[in-house]
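The primary structure of each chain is shown beneath.
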Amino acid sequence: FGNEYMQLSGGKHAMLSEEKLDQFQKIYDLCDRNGIRLVLLTVPSANTWNKGKSDTVKQLAKKYDLTYYDYNRQLPADFNWVTDSKDGGNHLNYSGAKKISTWLGNYLGSQYQLEDHRKDSRYQRWQQDSADYNRIVSGADKQPADEN
């Protein structure tokens, strides 16, 4: 169903609760204190996301001068709800998550000067976690979409 669901809310902004705004502020402040550039992201979710929610996050990003990537507004060209969603549009499966992660990683790599830590011994634990993850999911591409 492409991203037609993004047109359904008629442009009305969703409201963020005081609790959600408070939690966001805490995350923003923590990142700011530690020199971390916060980036906002929404992944494709045809069942739970809409234009109003997207517009609300977009306004929040503008208020805090943050980058916001909304993959509901522009799906990757090779994204397919049938093969990339576990449950018809609510959650990504392995294939969908891999596409979005790859697309985001490539974009971030082209836009920011990111240091490559793959050969850095200080990141050995991350390397082990990555190797374990790759070993576990190595056969995931061969599984039917509804089992991912």
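The structure this text deals with has already been given above.
Here the structure is a predicted model, which means the values were calculated and not measured. (Residues numbered from 1 in each chain as written. Predicted model: local features only at pLDDT ≥ 70, side-chain atom pairs only at ≥ 80, totals over all residues. Heavy atoms only, no water.)

The next subject is the nonpolar core. Counting residues in hydrophobic clusters, the biggest one holds 21 residues, and the most contacted among them are Tyr5, Phe24, Leu40 and Leu66. Contributions of two or more residues to this core are made by α1 (18-33), α2 (51-63), β2 (67-70) and α4 (94-111). Per-element accounting of this core gives the leading share, three residues, to α2. When near neighbours in sequence (up to four residues on either side) are disregarded, Phe24 contacts Leu38, Leu40, Leu60, Tyr64 and Leu66. (Core = buried A, V, L, I, M, F, W, Y, C linked by side-chain atoms within 4.5 Å. Buried < 20%, exposed > 50% of the residue type's maximum accessible area, 1.4 Å probe, protein only. Helix = DSSP H or I, 4+ residues; strand = E, 2+ residues; numbered from the N terminus. Contact = heavy atoms within 4.5 Å.)

Of the pockets and cavities examined, the largest pocket occupies roughly 370 Å³. For the largest pocket, the lining is made up of 16 residues, of which Leu16, Lys20, Trp49, Val57 and Leu60 are closest to its centre. Contributions of two or more residues to the lining of the largest pocket are made by α1, β1 (39-42) and α2. Ranked by residue count, the leading element in the lining of the largest pocket is α2, at four residues. The residue inventory of the lining of the largest pocket, partitioned by class, reads 11 nonpolar, three polar and two charged. (1 Å grid on protein atoms, 1.4 Å probe; cavity = no way out; pocket = protein on both sides within 12 Å on 5 of 7 lines; lining within 4 Å. Points joined across faces, edges and corners; volume = space filled by probe spheres on them. Nonpolar A, V, L, I, M, F, W, Y, C, P; charged D, E, K, R; others polar.)

On to unusual backbone geometry. Backbone geometry at Asp65 places phi at a positive 55 degrees, although glycine is not the residue there. Considering the arrangement of structural elements, one finds Asp65 in the loop between α2 and β2.

Here we come to the pattern of salt bridges. Scanning all chains against the criterion turns up nine salt bridges. Note that Asp22 and Lys26 form a salt bridge whose closest N and O atoms lie 3.5 Å from each other. One end of the pair is Asp22 and the other is Lys26, both in helix α1 and four residues apart, which spans about a single turn. Here Asp55 and Arg73 are joined by a salt bridge, their closest N and O atoms 2.2 Å apart. With Asp55 in helix α2 and Arg73 in the loop between β2 and α3 (81-84), this pair connects stretches of sequence that are 18 residues apart. Note on Asp55: relative accessible area 9%, which makes it buried. Given the relative accessible area of 33%, Arg73 is considered partly exposed. Look at the salt bridges and you will find they share partners, linking Lys51, Asp55, Asp70 and Arg73 into a network. (Salt bridge = Lys/Arg side-chain N within 4 Å of Asp/Glu carboxyl O.)

Taken by themselves, the reported measurements are silent on function.
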